[in-house]
There are 2 protein chains.
Amino acid sequence: MRMAQRIGLPDDGERLLDDLETLAGLVDDSLPGWTRSALTDLDVDGRHWVLARMREAGLDAHIDAAGNVIGVLAGNGSGRGRIMTGSHTDTVLSGGRFDGNVGVASALEVARSLRASGTTLAHDLVVIDFFNEEVNPHGLSCVGSRALTGALTPAHLAARNQEGTAFGDALGGARVDPNRMHEAAMDLSDVIAYVELHVEQGPNLEAQGTQIGLVTDITGVAPFRSLFTGRQDHAGTTPMSVRRDAGCAAAGTVLAVETIASEQETSRGTSGSITFTPDAVNVINETAEVWGEFRSPDGEWIAHARERLAQAAEAEGAKRGVGVELEWLPSEEPVPMSEPLLGIAGEVVADLGLSHSRLYSGAGHDAAFMALQVPTAMVFVPSQGGRSHCPEEFTESADILAGAEVLLNTIVEISVRHAVR
Amino acid sequence: MRMAQRIGLPDDGERLLDDLETLAGLVDDSLPGWTRSALTDLDVDGRHWVLARMREAGLDAHIDAAGNVIGVLAGNGSGRGRIMTGSHTDTVLSGGRFDGNVGVASALEVARSLRASGTTLAHDLVVIDFFNEEVNPHGLSCVGSRALTGALTPAHLAARNQEGTAFGDALGGARVDPNRMHEAAMDLSDVIAYVELHVEQGPNLEAQGTQIGLVTDITGVAPFRSLFTGRQDHAGTTPMSVRRDAGCAAAGTVLAVETIASEQETSRGTSGSITFTPDAVNVINETAEVWGEFRSPDGEWIAHARERLAQAAEAEGAKRGVGVELEWLPSEEPVPMSEPLLGIAGEVVADLGLSHSRLYSGAGHDAAFMALQVPTAMVFVPSQGGRSHCPEEFTESADILAGAEVLLNTIVEISVRHAVR
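What you see is a predicted model, and the numbers here were worked out from it, not measured in a lab. (Residues numbered from 1 in each chain as written. Chains lettered and ligands numbered in written order. Predicted model: local features only at pLDDT ≥ 70, side-chain atom pairs only at ≥ 80, totals over all residues. Heavy atoms only, no water.)

1. Section: the sheet that holds strand β11 (residues 287-296) of chain B
Residues and elements named next belong to chain B.
(1) Moving on: On the basis of which strands lie adjacent, the open sheet formed by 4 strands has the order β9-β11-β7-β12 and antiparallel pairing. In this open sheet, the two edge strands, each paired with only one partner strand, are β9 (268-277) and β12 (323-328). Adjacent strand axes in the sheet meet at a mean angle of 15 degrees when their direction is disregarded.
(2) Moving on: Looking at chain direction, strand β7 (residues 220-229) and β12 are connected through 6 bridges and run antiparallel. When the sheet's bridge partners are listed, serine 226 is paired in β12 with leucine 326.
(3) Moving on: Strand contacts of helix α8 (residues 299-318): β7, β9, β11 and β12, with the helix running at about 160 degrees to β11, the strand carrying the most contacts. (Pairing = 2+ DSSP bridges. Helix = DSSP H or I, 4+ residues; strand = E, 2+ residues; numbered from the N terminus. Axes fitted to C-alpha atoms, helices over the stretch in contact; angles between N-to-C directions. Contact = heavy atoms within 4.5 Å.)

So this is what it looks like as structure tokens:
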């Protein structure tokens with residue numbers, strides 16, 4: 001088998017690190033950490049900055065009908081089909097400055113490094129900054145990759161936030177027309193690989209002292225909204241035995257999520273959001289709302305957890321005369337990555353003298369949607385202390401550059417292997 | 001022993017019911033139920049309406065330095081000292097239209113009925129609408145009665161709301177000058193009785209089919225604020241075993257409050273308010289705040305409950321690596337009512353052909369502060385379904401009028417008995 005020449009990043013990767021620095025500056029200064037939420041002007045600014053940077057790098061770039069920024073570096077036409085790479089640049093509230101930015105900036109740097117080294121791939125290389133990967137106030141994530149893969153449905157556009165606004169009606173701020181989003185669906189049948197670089201966001205690589213993670217599966221995610229309806233009463237005069245305290249039923253459900261998820265090492269359960277109404281110190285709460293989620297790489301476990309939570313929430317309500325509505329929001333199945341691509345990436349890592357381990361991703365990614373249609377691989381670099389989605393999120397520059405080199409050379413290797421067939 | 005002539009309410013009490021209707025109209029229409037929160041323009045309007053109504057009734061009335069509306073109906077000077085009666089007109093958020101209004105409107109009606117019947121008491125009668133009886137956003141209640149009895153301290157004025165504003169700095173909206181509030185402290189040594197009519201706010205009178213409740217004790221109240229500090233992390237990548245989820249520690253504490261208070265029939269525990277931060281569906285919460293309270297007529301039980309909650313909150317934090325701050329806000333001790341006054345009220349009730357039972361008040365009242373300095377009694381009328389501090393709060397007009405008649409004749413009887421000594 002022919003093996004490609006390994007390529008390095010020009011200027012020791014300074015340009016890539018500068019790009020990350022620039023993206024870290026395009027954030028909402030009124031919040032701690034780094035915030036560039038989808039559906040905001042800042043996110044529009046961020047995506048237009050990426051667009052401009054793609055064009056500077058010689059890519060044929062545009063923003064599609066779903067807000068994805070897409071740039072193409074033309075190959076020499078000798079290989080059939082395309083290779084794709086990218087990530088996202090939106091963030092959670094008060095998140096970190098690495099997350100999706102690393103994958104987008106590295107994908108850009110891959111294109112620039114190919115040109116700088118005089119390498120023309122056999123295949124067109126498509127660099128992408130996916131719109132709205134993080135969960136938005138409507139409970140939706142991976143919006144751009146859903147749209148690109150034709151998986152965005154009218155139900156998604158109808159998903160309401162806590163104020164009752166449909167997602168479709170909130171897209172104006174993102175300069176996206178909900179009536180045209182379906183036009184972003186792309187024929188992906190000629191795509192031979194999607195490869196995404198990302199920070200691990202968990203503690204495993206650091207704990208093992210490994211430089212590179214090769215992802216075997218992406219977790220499934222089952223988000224829920226639960227509403228508890230009790231009775232508003234006076235906190236002093238209403239005996240404990242007759243009160244219908246919605247807040248207590250909600251608290252019991254929050255603990256049930258934790259207990260259920262603690263059963264297995266790979267499972268996760270989080271009750272991220274809670275609201276009591278009327279939320280006054282001396283009034284029994286009439287309603288309580290909890291938003292949360294289960295995650296696991298094991299789809300059967302998720303199904304089992306959903307059943308157990310439904311029973312637990314019912315029980316918490318029943319023992320207090322509190323009504324319970326448990327609604328499961330659009331969920332994502334666990335997705336395995338492409339073994340052939342993982343094999344190629346593993347060879348590249350070894351060839352570059354880096355250590356690696358295989359692990360699953362507890363975070364959802366656009367790669368999960370891509371993997372439903374095209375061979376997909378994800379490459380992880382370590383996250384300090386496993387911290388992510390918080391201001392303390394940190395990855396060493398050396399680790400980012402090593403990851404970008406793995407991404408670059410894995411893409412070259414994939415192209416070379418497909419060209420000779 | 002001389003017994004006073006019983007007096008009835010003129011016009012079958014229509015004027016009293018009209019006054020309650022007027023007060024029910026002076027509310028915030030943007031919220032369900034009836035809301036006239038202290039520290040708002042509406043509350044200022046309400047208290048000025050009471051002031052005008054007192055003056056119409058021939059009382060010598062003013063608003064004191066603590067926002068209390070005080071009106072005096074002069075007696076004939078033959079008795080030494082004063083008799084007081086009243087309640088409050090502020091409400092909880094989305095509360096009912098009876099609560100304190102019944103006591104204020106009935107106190108007004110007592111003065112008017114005395115004049116209408118040509119009765120001049122041996123003693124001056126002081127009618128009062130106490131400022132800010134309900135718990136405000138600073139965790140304080142009975143502000144006006146504290147000020148009147150000299151129990152308002154600089155610590156109360158420094159109490160902060162969730163935004164960090166001191167109570168003293170929030171008083172502008174109520175047209176109260178925090179630097180002059182101490183001037184409202186009144187020499188109460190000549191007050192021979194304070195009698196307050198109130199709706200029960202609990203289910204006992206209705207369940208027993210009794211028309212009048214005579215209050216033996218007013219509950220103690222121990223409000224708290226608890227802050228849990230964990231670590232913000234990614235909900236998908238952070239294993240359950242290493243996460244420091246402040247929301248789960250808070251939920252465990254909410255359940256501990258419920259469990260502890262369920263030990264005894266007369267005790268109450270409520271976690272009325274909760275806040276998660278950052279409160280996003282897929283982020284582990286860095287902090288969580290719970291505001292709540294214990295109540296009981298038994299001071300020893302409250303001390304015991306406080307200890308148990310401190311242990312429980314510590315345990316909920318410790319098992320998750322979450323820091324816990326539990327702060328006890330200004331509390332109120334349980335207070336017994338005056339047995340001699342209860343005896344007089346019981347005779348009046350029997351004489352009027354009404355049924356009564358003795359019970360304790362699970363709600364705090366301005367009467368608890370008055371009772372620390374003057375002989376005090378409270379008369380309850382039934383609350384439908386025991387509901388209170390909610391829009392469904394309801395008391396039959398016949399019950400209100402019966403209560404007002406008991407209040408009127410109890411005051412007359414107290415005056416007569418003190419005059420002949």
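2. So, the interface of chain B and chain A
(1) Moving on: Across the boundary between the two partners, chain B contributes 57 residues, which contact 57 residues of chain A.
(2) Moving on: Counting the surface lost from both chain B and chain A, the interface buries some 5,000 Å², and carbon and sulfur atoms represent 57% of this.
(3) Moving on: Interface area lost by chain B to chain A is led by His234, Met240 and Val281 of chain B, which between them contribute 14%.
(4) Moving on: Across the chain B-chain A interface, the total number found is 4 salt bridges.
(5) Moving on: Close ionic contact of arginine 387 of chain B with aspartate 233 of chain A constitutes a salt bridge, the shortest N to O distance being 2.6 Å.
(6) Moving on: Viewed at the interface, chain A and chain B are joined by 28 residue pairs in polar contact (both at pLDDT 80 or more).
(7) Moving on: At the level of elements, β8 (233-234), α7 (246-261), β9, β10 (283-284) and β11 of chain B are the ones that each hand at least two residues to the side of chain B that touches chain A. (Buried area = accessible area lost by both parts, 1.4 Å probe. Salt bridge = Lys/Arg side-chain N within 4 Å of Asp/Glu carboxyl O. Polar contact = N/O pair within 3.5 Å; in protein donor to acceptor, adjacent residues only side chain to side chain.)

3. Considerations on the packing of helix α1 (residues 14-25) of chain A against helix α3 (residues 99-116) of chain A
All names here are of chain A.
(1) Moving on: Contact geometry of α1 with α3 gives a least axis separation of 9 Å together with a crossing angle of 145 degrees. Classified by chirality, the crossing of α3 by α1 is right-handed. In this structure, α1 contributes Arg15, Leu16, Asp19, Leu20 and Leu23 to the contact, and α3 contributes Asn101, Val102, Ala105, Ser106, Leu108, Glu109 and Arg112.
(2) Moving on: Tallied by class, the residues present in the contact of α1 with α3 amount to 6 nonpolar, 2 polar and 4 charged. (Left-handed = near helix turned anticlockwise from the far one by under 90°. Nonpolar A, V, L, I, M, F, W, Y, C, P; charged D, E, K, R; others polar.)

4. Some points on the domain arrangement of chain A
All names here are of chain A.
(1) Moving on: Taken as a whole, chain A is organised into domain 1 (10-219 + 334-417) and domain 2 (220-328).
(2) Moving on: Centre-to-centre separation of domain 1 and domain 2, based on C-alpha positions: 34 Å.
(3) Moving on: Counting residues at the interface gives 9 residues for domain 1, matched by 12 residues for domain 2.
(4) Moving on: Here domain 1 meets domain 2 over a buried area of about 870 Å², counting both sides, of which 53% is carbon and sulfur.
(5) Moving on: Summed over the shared surface of domain 1 and domain 2, the result is 0 salt bridges.
(6) Moving on: Where domain 1 meets domain 2, there are 4 residue pairs in polar contact (both at pLDDT 80 or more).
(7) Moving on: Class assignment of the residues belonging to the side of domain 1 that touches domain 2 gives a composition of 4 nonpolar, 4 polar and 1 charged. (Domains from an automatic or database assignment.)

5. Remarks on the pairing of strand β1 (residues 60-63) of chain B
All names here are of chain B.
(1) Moving on: Direction of pairing for β1 relative to strand β2 (residues 69-73): antiparallel, over a ladder of 4 bridges. Residue pairing in the sheet places isoleucine 63 in a bridge with valine 69 of β2.
(2) Moving on: With antiparallel pairing between neighbouring strands as the criterion, β1 and β2 make up a hairpin whose turn holds 5 residues, including glycine 67 at a positive phi of roughly 85 degrees.

6. With respect to the environment of threonine 229 of chain A
Residue and element names in this part refer to chain A.
(1) Moving on: Position of threonine 229 relative to the elements: it lies in strand β7 (residues 220-229).
(2) Moving on: Linking threonine 229 and cysteine 390, residues 161 residues apart in sequence, is a C-alpha distance of 33 Å.
(3) Moving on: Once you skip the residues sitting within four places of it in the chain, threonine 229 turns out to touch Ala246, Glu286, Thr287, Gly321, Val322 and Gly323.

7. A look at the side chain of histidine 198 of chain B
(1) Moving on: Inspection of the secondary structure puts histidine 198 of chain B in strand β5 (residues 191-199).
(2) Moving on: Setting aside residues no more than four positions away along its own chain, histidine 198 of chain B makes contact with Ser87, His88, Asp99, Gly100, His365, Met378, Val379, Phe380 and Val381 of chain B.

8. Thoughts on empty space enclosed by the protein
Where empty space is left can be seen by rolling a probe of water-molecule size over the atoms.
(1) Moving on: Tallied over the entire structure, the rule returns 3 cavities of 30 Å³ or more.
(2) Moving on: If you add up the space inside the largest cavity, you get close to 200 Å³.
(3) Moving on: The wall of the largest cavity is formed by 22 residues, among which Asn282 of chain A together with Val135, Ser141, Arg295 and Gly364 of chain B lie closest to the centre.
(4) Moving on: Counting only elements with at least two residues in the lining of the largest cavity, the list comes to β7 and β11 of chain B.
(5) Moving on: Each of domain 1 (10-219 + 334-417) and domain 2 (220-328) of chain B accounts for three or more of the residues forming the lining of the largest cavity.
(6) Moving on: Taken as a whole, the second largest cavity holds about 130 Å³ of empty space. (1 Å grid on protein atoms, 1.4 Å probe; cavity = no way out; pocket = protein on both sides within 12 Å on 5 of 7 lines; lining within 4 Å. Points joined across faces, edges and corners; volume = space filled by probe spheres on them.)

9. So, the packing of aromatic side chains
(1) Moving on: The full count for this structure, using the stated rule, is 10 aromatic pairs over all chains.
(2) Moving on: Ring geometry for phenylalanine 98 of chain A against phenylalanine 394 of chain A: centres 5.6 Å apart, planes inclined by 90 degrees, an arrangement best described as edge-to-face. With phenylalanine 98 of chain A in the loop between β3 (82-88) and α3 and phenylalanine 394 of chain A in the loop between β15 (376-381) and α11 (397-420), this pair connects stretches of sequence that are 296 residues apart.
(3) Moving on: Considering the side-chain rings of phenylalanine 130 of chain B and tyrosine 194 of chain B, the 6.1 Å spacing of their centres and the 70 degrees angle between planes classify their relative orientation as edge-to-face. Taken together, the positions of phenylalanine 130 of chain B in strand β4 (residues 124-130) and tyrosine 194 of chain B in strand β5 put the pair 64 residues apart, joining distant regions of the chain. The burial state of phenylalanine 130 of chain B is the same as that of tyrosine 194 of chain B; both residues are buried.
(4) Moving on: Through successive ring pairs, a cluster of aromatic residues spans Phe224, Phe294, Trp301 and Trp328 of chain A. (Phe/Tyr/Trp six-rings, centres within 6.5 Å; stacked < 30°, edge-to-face > 60°. Buried < 20%, exposed > 50% of the residue type's maximum accessible area, 1.4 Å probe, protein only.)

10. Examining α1 of chain A
Residues and elements named next belong to chain A.
(1) Moving on: Over its 12 residues, α1 extends 17 Å from the first C-alpha to the last, a length consistent with the 16 Å expected when each residue adds 1.5 Å.
(2) Moving on: Those residues of α1 that fall on the buried side of the exposure criterion are Leu16, Leu17, Asp19, Leu20, Leu23 and Ala24. One face of α1 carries all of its buried residues, which in axial projection span an arc of 155 degrees. Residues of α1 that are exposed and point over 90 degrees away from its buried face: Glu21 and Gly25. (Expected span 1.5 Å × (residues − 1). Arc of directions from axis to C-beta.)

11. Regarding the sheet that holds strand β12 (residues 323-328) of chain A
Residue and element names in this part refer to chain A.
(1) Moving on: Spatially, 4 strands are ordered β9-β11-β7-β12 in an open sheet, and the strand pairing comes out antiparallel. Here the strands that pair on one side only, and so sit at the sheet edges, are β9 (268-277) and β12. The mean angle between the axes of side-by-side strands here comes to 15 degrees, regardless of whether they run parallel or antiparallel.
(2) Moving on: Relative to strand β11 (residues 287-296), β7 runs antiparallel, the two being bridged by 10 bridges. Bridge pairing in β11 links alanine 222 to phenylalanine 294.
(3) Moving on: The sheet contacts of helix α8 (residues 299-318) involve β7, β9, β11 and β12, and relative to β11 the element is tilted by about 160 degrees.

12. Things to note about the relation of the copies chain B and chain A
(1) Moving on: The two copies are related by a screw operation: chain B maps onto chain A through 180 degrees of rotation and 0.1 Å of translation along the axis, at an RMSD of 0.1 Å. The superposition of one copy onto the other is thereby described by a two-fold rotation axis. The rotation axis passes nearest to the C-alpha of alanine 251 of chain B in chain B, at a distance of 2.3 Å.
(2) Moving on: Comparing interface residues between copies, 100% of those in chain B also lie at the interface in chain A; the contact surface is shared. (Least-squares fit on C-alpha atoms with pLDDT ≥ 70 in both.)

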